[in-house]
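An overview of the molecular structure
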Amino acid sequence: MTEKYKLYGGKVILEFDESKHIYSVDGKQVYGVTNITGVLDKPALLYWGVNQAVDFIEANLRPGVALDEVQIKNLLEGARMAHRQVKDKAADIGTLIHDFISNYLRALIGKKTPVRKPVNTEMKNAVDGFFKWAKENSLKVIRNEQKVLSKKWKYAGTLDLEGIVSGKRTIIDLKTGNALYPESFLQASAYLKAREEETGKEYPGGVIILRLSKENPEKRIKAFEAIKDEDAETHFKCFLNCLSIYRWKQTMRKQQIINNINGK
């Protein structure tokens, strides 16, 4: 299903193929912000994946218990897929959290009755953290889940939240993982620059990366973790470097150079 969004005062139509997660304008693909920042190496994910496999084996292997060939194969296959199962579960919950906050804010903006707060414990913990942060920082929502496009640099994406935070127009990126990563600032700065380009407005509040904790309030130290940086320019320069690398990789793939190298 292809969705269409009018940007730049209706002069530009941004199309988004949700099934393929592809953005395009006038039939030409524009690269997505998340894919662009994906060129960065994430060594922490490697160690995390290894730990998931080790944890799976530890939970399913018992001292003194002999395993036959099939049981060994199943154990190894389970260890191989452990990281994916954990990641998929976390992604599903994270999506539900994003959807709830988006629907709740959309109802407020439209002056409609907000949806009920979630019952699921992890979702409720994260949502409560969001409302706590919003209250402490006098958040005034301008828009959420907004499609953005840079005509100059030819990239597109979806920002989580744009609002007035402590009196300053700001871009807020929501995260529900167990940690914050530097590349989040690259994504948020790309959204900010695209909005500046489209609206002609300044964003003196810069960007805020807001991590919402899903853990039980009795176990967690903080209900949320927010890092603010008003110097979006520095992060955006790095984002453009990622964009150059991503474009180069796509060109190599089209020429089948990378595939040929990997196939040797």
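A brief structural summary. (Residues numbered from 1 in each chain as written. Predicted model: local features only at pLDDT ≥ 70, side-chain atom pairs only at ≥ 80, totals over all residues. Heavy atoms only, no water.)

**Describing the overall build of the protein**
For clarity, the cut-off: Strands here mean DSSP runs of E at least two residues long; helices mean DSSP runs of H or I at least four residues long; both are numbered from the N terminus. Relative accessibility decides the category of a residue: with a 1.4 Å probe and only protein chains considered, values under 20% of the type maximum give buried, values over 50% give exposed, and everything between is partly exposed. Note on definitions: a residue-residue contact is assigned when non-hydrogen atoms from the two residues lie within 4.5 Å. Note that accessible areas follow from Shrake-Rupley with a 1.4 Å probe, and for residues the cover is restricted to the protein chains shown. Residues counted as positive are Lys and Arg, residues counted as negative are Asp and Glu, and His and the chain ends are not counted. Taken as the charge centre is NZ of Lys, CZ of Arg, CG of Asp or CD of Glu, depending on the residue.
Per the secondary structure count, the protein includes seven helices and nine strands. In terms of principal-axis extent, the alpha carbons of the protein reach across some 70 × 55 × 35 Å. Looking at the protein as a whole, 40% of its 264 residues qualify as buried. Sequence separation of at least 24 residues holds for 61% of the intrachain contacts in the protein that already meet a minimum separation of 6. Looking at the protein as shown, the accessible area adds up to about 16,200 Å², and 53% of this sits on carbon and sulfur atoms. In the protein, 44 positive and 33 negative side-chain charges are present, and the distance between their average locations comes to 5 Å.

**Observations concerning the packing of aromatic side chains**
The geometry of an aromatic ring pair is captured by the separation of the ring centres together with the interplanar angle, meaning the angle of the planes. Cut-off, in case you're wondering: Working definition: a ring pair exists when centres of Phe, Tyr or Trp rings (six-membered ring for Trp) sit within 6.5 Å. Plane angles under 30 degrees give stacked, over 60 give edge-to-face, the rest tilted. For a ring to carry a charge above it, either NZ of a lysine or CZ of an arginine must fall within 6 Å of the ring centroid while also lying within 35 degrees of the normal to the ring plane.
With the rule as written, the count across this model stands at nine aromatic pairs. Ring plane angle 40 degrees and centroid distance 6.3 Å describe the contact between F130 and W133, whose orientation is recorded as tilted. One end of the pair, F130, and the other, W133, are both in helix 4 (residues 121-136), three residues apart, so they sit about a helical turn from each other. Side by side, F130 and W133 carry an identical accessibility label, which is buried. For the cation-ring pair, K151 lies above Y8, with the distance from its terminal atom to the ring centre recorded as 4.5 Å.

**Some points on the environment of L108**
The residue L108 is located in helix 3 (residues 69-109) in this model. For the pair formed by L108 and G32, sequence separation is 76 residues and the distance between their alpha carbons is 28 Å.

**Regarding the pairing of strand 7 (residues 168-175)**
Where we set the bar: A pair of strands is considered paired only if DSSP assigns at least 2 bridges between the two. Here a crossover is taken to be right-handed if, once the strands point away from the viewer, the path from the first strand over the helix to the second is traced clockwise.
By the criterion of burial, strand 7 is predominantly enclosed, with six of the eight residues buried. Sheet topology places strand 6 (residues 155-165) next to strand 7; five bridges connect them, and they run antiparallel. By the bridge assignment for strand 7, L161 is matched with I172. The antiparallel pairing of strand 6 with strand 7 creates a hairpin that spans two residues between the two strands, and S166 there sits at a positive phi of about 50 degrees. Viewed along the sheet, the connection from strand 7 through helix 5 (residues 183-199) into strand 8 (residues 207-212) turns out right-handed.

**A word on the packing of helix 5 against helix 6 (residues 232-254)**
Let me state the cut-off plainly: The axes are straight lines fitted to the C-alpha atoms, using for helices just the contacting stretch, and the angles between their N-to-C directions are given from 0 to 180°. By the definition adopted for this analysis, an angle is roughly parallel if under 35 degrees, roughly antiparallel if over 145, roughly perpendicular if from 65 to 115, and oblique otherwise. Any residue outside Ala, Val, Leu, Ile, Met, Phe, Trp, Tyr, Cys, Pro, Asp, Glu, Lys and Arg is labelled polar, Gly included; the first ten of those are nonpolar and the last four are charged.
Contact pair helix 5 / helix 6: the axes reach a minimum separation of 8 Å and the direction vectors enclose 100 degrees. Regarding the angle of helix 5 to helix 6, the classification is roughly perpendicular. Contact with helix 5, carried on its side by F185, L186, S189, A190, L192 and K193, involves A232, E233, H235, F236, C238, F239 and C242 of helix 6 and no other residues of that element. Class assignment for the residues of the contact of helix 5 with helix 6 results in nine nonpolar, two polar and two charged.

**Some remarks on the pairing of strand 8**
Within a regular beta strand, the side chains point alternately toward one face of the sheet and then the other, so they alternate between its two faces. The buried fraction of strand 8 is high, at six of six residues. Because side chains alternate across strand 8, one face comprises the buried residues V207, I209 and R211, and the other comprises I208, L210 and L212, equally buried. Direction of pairing for strand 8 relative to strand 9 (residues 224-229): antiparallel, over a ladder of six bridges. Looking across to strand 9, one finds that L212 is bridged to F224.

**Quick notes on helix 4**
Counted only if it meets this: What a helix should span is 1.5 Å times the count of its residues minus one. Polar contacts, as used here, are pairs of N or O atoms within 3.5 Å; protein pairs need one atom able to donate a hydrogen and one able to accept it. Residues neighboring in sequence count only if both atoms are side-chain atoms.
With 16 residues, helix 4 extends 22 Å from end C-alpha to end C-alpha; this agrees with the ideal 22 Å at 1.5 Å per step. Along helix 4, the residues classified as buried are M123, N125, A126, V127, G129, F130, W133 and A134. Looking at where helix 4 begins, the residue whose side-chain oxygen comes 3.0 Å from the main-chain nitrogen of E122 is N120. Taken from the residues just after helix 4, S138 is the one with a positive phi, measuring 50 degrees.

Spatial relationships are all this shows, so hold off on functional conclusions.
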